[in-house]
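Per-entry structural report
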Amino acid sequence: MKEITYAQAICEALDEEMERDENIVLLGEDISFIGGNFKTSVGLLEKYGDMRVKDTPISEAGFVGMGVGMALTGLRPVIELMFSDFLLVAADQVINQAAKIRYMSGGQVNVPMVIRAPIGAGRSSAAQHSQSMQAMVSQFPGLIVVVPSTAQEAKGLLKTAIRDNNPVLFFEHKMEYNKKFLVDDVVEPIPFGKANVVREGKDITIVATSSLVMKSQEAAEKLEKEGISVEVIDLRTIVPLDIDTVVESVKKTGKLIVADEAHERCGVGAEIGFQIMEKAFYYLDAPVGRVNTPNVPLPFSPALEFPIIPSVDRIYKKVVEMVK
Amino acid sequence: MKEITYAQAICEALDEEMERDENIVLLGEDISFIGGNFKTSVGLLEKYGDMRVKDTPISEAGFVGMGVGMALTGLRPVIELMFSDFLLVAADQVINQAAKIRYMSGGQVNVPMVIRAPIGAGRSSAAQHSQSMQAMVSQFPGLIVVVPSTAQEAKGLLKTAIRDNNPVLFFEHKMEYNKKFLVDDVVEPIPFGKANVVREGKDITIVATSSLVMKSQEAAEKLEKEGISVEVIDLRTIVPLDIDTVVESVKKTGKLIVADEAHERCGVGAEIGFQIMEKAFYYLDAPVGRVNTPNVPLPFSPALEFPIIPSVDRIYKKVVEMVK
Amino acid sequence: MNVKTYSKDQLLAWYETMYKMRRFEEEVFEFYKQGLMPGLAHLYMGEEAVATGVCAALNDSDFIGSTHRGHGHLIARGADIKRMMAEILGKVDGYCRGKGGSMHIMAMDKGILGANGIVGGGIPIATGAAYMAKYKKTGQVAVSFFGDGASNEGTFHESINMAAAWDLPVIYVLENNLYGISVDIRDVTNTPNLADRAIGYGIPGVIVDGMDVTEVYEAAKAAIERARSGAGPTLIECKTYRWQGHHVGDPATYRKRKSETEKEDWMAKCPIDCLKAEMLSTKKAKASDFEAIETAVNKEIEESVNFAKESPYPDVSEVFHDIYV
Amino acid sequence: MNVKTYSKDQLLAWYETMYKMRRFEEEVFEFYKQGLMPGLAHLYMGEEAVATGVCAALNDSDFIGSTHRGHGHLIARGADIKRMMAEILGKVDGYCRGKGGSMHIMAMDKGILGANGIVGGGIPIATGAAYMAKYKKTGQVAVSFFGDGASNEGTFHESINMAAAWDLPVIYVLENNLYGISVDIRDVTNTPNLADRAIGYGIPGVIVDGMDVTEVYEAAKAAIERARSGAGPTLIECKTYRWQGHHVGDPATYRKRKSETEKEDWMAKCPIDCLKAEMLSTKKAKASDFEAIETAVNKEIEESVNFAKESPYPDVSEVFHDIYV
Ligand SMILES: Cc1ncc(C[n+]2csc(CCOP(=O)(O)OP(=O)(O)O)c2C)c(N)n1
Ligand SMILES: Cc1ncc(C[n+]2csc(CCOP(=O)(O)OP(=O)(O)O)c2C)c(N)n1
Ligand SMILES: [Mg+2]
Ligand SMILES: [Mg+2]
């Protein structure tokens with residue numbers, strides 16, 4: 001075990017995978033000389049050279065599309081978008097191209113590429129740099145959508161993403177980058193589509209993504225002191241979705257909250273809530289609850305931003321509301 | 001009353017509004033000389049000239065962004081995207097700019113613009129020309145999302161869209177364009193956020209969007225002969241969402257199907273189903289059902305495409321499954 | 001037309017390729033008229049010299065990226081016309097098992113990175129193949145075909161800029177057929193020669209007569225050599241014209257706005273007829289040489305039509321295959 | 001520096017504007033260092049002559065579109081620095097009631113279409129304002145400011161092409177400060193002068209010394225006259241440099257890759273100091289003239305700092321306002 005930051009864990013996953021497979025090439029803005037805007041590729045330029053760690057111009061559609069071409073011809077590009085908000089500039093290449101080419105070709109080809117992108121609010125970055133794009137991309141078949149929680153999870157899931165032969169959207173939470181976590185000395189790839197029960201409980205289940213896993217655990221600890229026993233599930237991947245683990249948990253607890261930082265409408269909470277209604281209707285003791293960013297653009301001022309970020313407190317209150 | 005096609009109804013709405021307000025300017029590919037790829041602007045070039053009916057280059061991000069600038073400075077652009085799939089090429093301008101500028105400016109400005117775009121499968125247009133983008137854009141606050149059903153509805157709702165001071169995504173169903181409908185001689189704007197009960201029933205409610213309203217009505221007629229009474233609600237707008245009308249109906253019928261052609265995951269069905277669970281949990285006799293395009297890209301071959309399109313038959317079967 | 005430099009075999013091979021494209025698409029058009037074809041198709045008729053000249057200068061292991069108007073590119077790369085035909089009819093023996101259709105035919109075994117339904121969508125993809133070739137030092141090059149209309153998409157700009165900055169082995173072949181659907185390129189740019197855009201990226205921009213296969217071949221050969229040598233990309237603008245409307249069924253009323261005889265003037269430059277006439281008049285070949293080719297091609301086309309018609313539709317279970325590996 | 005042509009008042013007005021920008025951002029930097037400022041800010045220091053020269057040539061009713069590095073553009077257009085300061089601190093008296101922050105200040109009353117957090121995102125928006133002006137025949141022009149990095153976004157290409165095709169009254173001001181964050185523009189383009197890209201659109205591309213307010217003014221004036229006369233857009237590339245890192249707190253280690261003294265060499269060309277020195281040496285003005293300006297500006301800055309600090313944060317209920325009309 002060692003203590004490293006979430007950013008370092010990403011770095012290590014990239015490094016270990018690049019060392020293993022020379023077909024892995026990194027593309028992105030400011031990833032080489034300065035090691036990435038969030039310092040997730042420090043030292044890789046020096047080690048792997050500038051054809052494998054490529055600083056791109058500010059041309060997201062262009063370099064994501066280039067990644068698609070690289071993936072079709074034998075490479076395994078790992079692309080960094082500096083903020084997940086910029087997916088919108090490259091959306092056609094991600095959703096109309098990468099996600100669909102295998103299907104449109106009748107299975108002739110794979111598109112083994114990873115797009116890494118930071119999500120989340122909390123830095124007063126305002127409406128164009130604070131979004132969480134995991135719900136939007138989940139609408140479209142053909143993509144795998146990963147929302148890692150801790151540094152350990154991020155490292156293991158990123159390895160899986162890089163080895164996967166499908167286009168993977170890998171969302172890192174920008175508020176976690178500088179936090180320290182305990183991480184195993186050797187981290188193996190973590191399989192996709194298998195949610196992780198990180199805390200057992202019996203009164204209510206929270207299924208959470210990304211940093212909301214840690215926030216849910218924190219809320220659960222507080223709630224335990226008040227006699228409420230909370231089960232927390234780290235969803236890990238939205239696509240594929242491990243609904244079975246959630247169903248099992250709900251059969252036990254009878255109550256469910258879905259916590260995801262994307263906007264509420266047509267979000268991950270709606271999808272999981274709907275599926276639980278289909279698959280565990282008669283076990284539910286109450287309607288499923290959700291904790292999201294409300295349907296407003298992210299405001300700049302901390303006086304406005306903090307109240308709407310899904311927080312430990314908001315999760316705590318939602319549990320109390322549903323359990324009491 | 002007169003009989004006109006859905007495309008003609010769109011044309012008429014554009015014409016009547018342009019006549020009324022010289023600030024309305026149309027932009028899009030092939031909209032002027034040939035009157036639009038789906039013939040929804042025939043005759044308008046001749047009547048309003050080429051500064052008001054402008055054929056653009058194939059530069060969707062550019063001309064949608066231009067529309068934003070026009071809207072900020074007093075015009076009311078109405079932009080045609082030839083297929084809703086191409087929203088992805090212009091997604092940043094729609095979602096990061098148009099949807100957020102009012103908010104980011106603290107309410108200083110409005111962005112009165114309409115983006116019209118055809119949705120839907122059924123023409124063997126394959127994965128990049130058959131998508132239904134209404135669920136994706138609904139994720140993002142700041143946009144109004146309209147999904148008209150008949151020609152009459154399209155005409156009335158398009159007028160409202162053009163007079164609205166917010167960015168409006170207006171999705172027309174491409175399989176309707178050439179169909180004939182009875183339309184009132186004078187069509188008034190239809191308010192947003194007010195769903196329309198188009199058929200009363202007592203055993204189950206279907207809330208549907210776009211062409212699935214007509215398909216649901218057709219299914220309901222068949223079902224009536226078999227003694228099943230179906231209430232059909234035309235949702236009209238996804239944002240704002242008139243959940244109250246759906247709740248009222250479900251209180252009566254106890255059962256709900258949501259029919260929308262976008263992909264299932266994180267779709268309109270998930271959102272409405274979730275809200276119904278929250279707001280009418282104890283009235284529901286069964287889990288909410290949904291009829292969507294399954295989570296696969298749209299295939300080209302009719303042998304593959306037809307079975308997955310939300311059809312009268314699929315709606316019919318879903319009702320039978322839920323009512324029996 | 002510079003037929004002198006080339007051997008009879010070479011010239012006849014080009015003739016054969018162009019003739020095959022033309023015949024192929026005549027049958028596609030028939031499919032449409034007979035209501036046999038699902039969806040639409042965008043015919044390359046009239047532009048045959050472009051794909052033929054460019055692909056003749058490529059090695060077998062090189063890559064091409066194609067467009068919605070892709071039949072010609074694919075045939076020039078030697079794609080199996082039986083499987084193309086079957087794909088166009090949505091049959092299971094098609095290249096994409098019926099999932100792609102005319103606008104999405106891909107043939108990775110021929111280095112064909114796919115046709116593309118998104119205008120401009122394929123330009124960065126071909127550029128990525130060139131990046132691979134440069135990094136892996138494979139000596140391959142990539143050709144990106146696209147239209148005048150596509151040159152106004154942001155991806156054109158972004159891709160060429162990166163290729164120029166990094167000397168990627170890619171050739172951008174701009175098929176300027178004057179129109180993007182109904183829109184005259186001259187109404188939506190201020191650039192009489194789109195090849196001039198190359199200047200802004202510090203790469204060569206070449207204009208060629210896209211109706212003359214020899215001229216296209218020469219420009220492509222030079223650009224490909226340059227790319228393979230590590231000197232970077234070239235933009236080649238081929239001036240050409242499509243005989244048919246934008247897609248089968250388009251009446252193309254917009255053509256007469258600038259000139260009543262626009263279509264007829266261009267048809268007089270038919271790349272196939274002109275090559276034949278030039279070879280006959282310079283005695284490079286005899287009428288019987290052409291007849292032999294035509295007979296053989298017609299037979300092949302007939303076979304491919306029958307193959308496609310007889311091929312079954314995919315089973316509905318296929319809907320759920322091929323999304324994820 | 002061509003100070004001769006201009007009146008003392010004119011020159012001192014430019015001095016004042018540039019000095020105000022500099023002082024404004026020194027205080028923003030202080031906010032950051034003292035932990036008073038939420039988020040980040042991108043400082044314009046060093047580039048003051050560009051916005052000053054361009055905006056001096058505009059009429060009050062014209063439009064500008066700004067970027068993430070927008071303080072200078074706004075001040076040059078006469079935006080209220082009190083409300084700018086308050087916005088940067090996220091206060092309710094800010095231009096955007098605290099909802100936008102440094103990167104999204106908008107001031108429609110000054111024709112400022114907004115700063116923009118998306119690189120390249122503002123270019124089509126400014127172009128749209130020009131479309132409005134042309135259609136409504138208002139005689140207004142629009143200026144779009146953006147960086148060297150932004151010139152590699154697709155929106156740059158698409159917007160300029162449309163403006164050129166339709167002779168829209170818009171001026172594209174490319175602030176080439178050599179870097180997009182840490183990326184040296186010379187590593188990601190093959191185009192020593194980005195102004196050359198104008199050739200591909202058939203419009204004038206002008207290169208100016210962005211450290212010299214008089215040169216910028218002259219180029220802007222010519223381009224604006226051209227635009228207003230209906231002759232269409234111009235691309236002006238201003239060669240400039242930013243004193244600070246990409247944003248407050250960026251150590252900017254990447255600068256020394258090409259030259260150890262890169263920053264110092266550029267700082268020696270400080271647009272403010274150089275104008276002052278030139279005016280003093282040519283006896284256009286006396287030291288006391290500058291002192292008077294500086295004192296007045298410093299007072300105004302101090303007031304704006306106090307105003308911003310004292311302004312309250314918006315009430316949390318504001319979260320749900322201003323999304324829809
Ligand atoms: C992004 C996008 N925008 C618009 C279209 C619709 N469309 C299909 S082909 C076409 C014209 C393309 O013109 P050009 O690039 O010149 O190719 P050509 O058809 O002339 O060969 C258009 C506008 C599309 N498929 N994709
Ligand atoms: C679409 C998009 N991509 C990337 C970024 C991150 N980013 C912010 S500023 C910047 C550099 C911009 O460089 P340039 O246009 O030269 O402007 P400068 O900062 O030098 O003034 C980048 C990459 C962004 N905000 N938007
Ligand atoms: Mg064309
Ligand atoms: Mg710069």
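Procedures and definitions
Residues numbered from 1 in each chain as written. Chains lettered and ligands numbered in written order. Predicted model: local features only at pLDDT ≥ 70, side-chain atom pairs only at ≥ 80, totals over all residues. Heavy atoms only, no water. Domains from an automatic or database assignment. Contact = heavy atoms within 4.5 Å. Buried area = accessible area lost by both parts, 1.4 Å probe. Salt bridge = Lys/Arg side-chain N within 4 Å of Asp/Glu carboxyl O. Polar contact = N/O pair within 3.5 Å; in protein donor to acceptor, adjacent residues only side chain to side chain. Helix = DSSP H or I, 4+ residues; strand = E, 2+ residues; numbered from the N terminus. Nonpolar A, V, L, I, M, F, W, Y, C, P; charged D, E, K, R; others polar. Buried < 20%, exposed > 50% of the residue type's maximum accessible area, 1.4 Å probe, protein only. Pairing = 2+ DSSP bridges. Near = heavy atom within 4 Å. Areas by Shrake-Rupley, 256 points an atom, 1.4 Å probe, with all protein chains shown as cover. Axes fitted to C-alpha atoms, helices over the stretch in contact; angles between N-to-C directions. Least-squares fit on C-alpha atoms with pLDDT ≥ 70 in both. Core = buried A, V, L, I, M, F, W, Y, C linked by side-chain atoms within 4.5 Å. Donors = N, O, S within 2.8 Å, 3.2 Å for Na, K, Ca; no water.

**Points about the domain arrangement of chain A**
Residue and element names in this part refer to chain A. As far as domains go, chain A holds domain 1 (2–183) and domain 2 (196–323). The interface of domain 1 with domain 2 comprises 27 residues on the first partner and 27 residues on the second. For the pair domain 1 and domain 2, the summed buried surface comes to about 2,000 Å²; carbon and sulfur atoms form 58% of the total. Connecting domain 1 to domain 2 are 1 salt bridge. Across the pair Glu153 and Arg236 runs a salt bridge whose closest N-O atoms are separated by 2.7 Å. Applying the counting criterion to the domain 1 and domain 2 interface returns 14 residue pairs in polar contact (both at pLDDT 80 or more). Contributing elements (two or more residues each) for the side of domain 1 that touches domain 2: α6 (134–138), β6 (144–146) and α7 (151–163). Its residues assigned to classes, the side of domain 1 that touches domain 2 shows 13 nonpolar, 11 polar and 3 charged.

**So, the pairing of strand β2 (residues 142–147) of chain D**
Residues and elements named next belong to chain D. Burial analysis of β2 places 5 of its 6 residues in the buried class, the great majority of the element. Note: strand β1 (residues 63–65) against β2, 3 bridges, orientation parallel. If you follow Phe63 over to β2, its bridge partner there is Ala142. As paired strands, β2 and strand β3 (residues 170–176) are joined by 6 bridges and run parallel to one another. In the sheet register, Gly147 faces β3, and the bridge partner there is Glu175.

**Description of the site of ligand 1**
Surveying the vicinity of ligand 1 reveals 22 residues, the closest of which are Glu60 of chain B together with His68, Arg69, Gly117 and Tyr179 of chain C. Close to ligand 1, residues of chains B and C are found. Gly117 of chain C places a polar main-chain atom, nitrogen or oxygen, 2.7 Å from a nitrogen atom of ligand 1. Here Asp148 of chain C contributes a side-chain N or O atom positioned 2.8 Å from an oxygen atom of ligand 1. Compared with its free state, where it exposes 580 Å², ligand 1 has 98% of that area covered by protein. Tallied by class, the residues present in the shell around ligand 1 amount to 9 nonpolar, 8 polar and 5 charged.

**A word on the sheet that holds strand β3 (residues 170–176) of chain C**
Residues and elements named next belong to chain C. An order of β1-β2-β3-β7-β6 is seen for the 5 strands of this open sheet, with the pairing classed as parallel. Across the chains shown, the open sheet's two edge strands, defined by having one partner strand only, are β1 (63–65) and β6 (205–209). Strand-to-strand twist in this sheet, taken as the mean axis angle between neighbours without regard to direction, amounts to 20 degrees. Against the sheet, helix α6 (residues 154–165) touches β2 (142–147), β3 and β7 (234–239), its axis set at about 150 degrees to β3.

**Looking at the relation of the copies chain B and chain A**
With an RMSD of 0.0 Å, chain B superimposes on chain A once it is rotated by 180 degrees and translated 0.0 Å along the axis. The transformation relating the two chain copies, once decomposed into turn and shift, fits a two-fold axis. With an isologous cut-off of 70% or more, the 100% of interface residues of chain B that recur at the interface of chain A puts this contact in the isologous class.

**A closer look at the nonpolar core**
Nonpolar side chains tend toward joint burial in soluble globular proteins. Ranked by internal contacts, the top residues of the largest apolar core, which has 468 residues, are Ile276 of chain A together with Ile276 of chain B. If we ignore the near neighbours within four places in the chain, the residues touching Ile276 of chain B are Ile243, Val246, Val247, Val250, Leu256, Phe281, Leu284 and Val288 of chain B.

**Here's the deal with the site of ligand 2**
By nearness alone, 22 residues border ligand 2, and Glu60 of chain A together with His68, Arg69, Gly117 and Tyr179 of chain D come closest of all. The environment around ligand 2 is built from residues contributed by chains A and D. Glu60 of chain A has a polar side-chain atom sitting 2.5 Å from a nitrogen atom of ligand 2. Contact distances for ligand 2 include 2.7 Å between an oxygen atom and a side-chain N or O atom of His68 of chain D.

**Examining the coordination of the magnesium ion (ligand 3)**
The protein atoms that coordinate the magnesium ion (ligand 3) are Asp148 of chain C (OD), Asn177 of chain C (OD1) and Tyr179 of chain C (O), at distances of 2.1 Å. Donor residues for the magnesium ion (ligand 3) sit on one chain with the sequence pattern D-x28-N-x1-Y.

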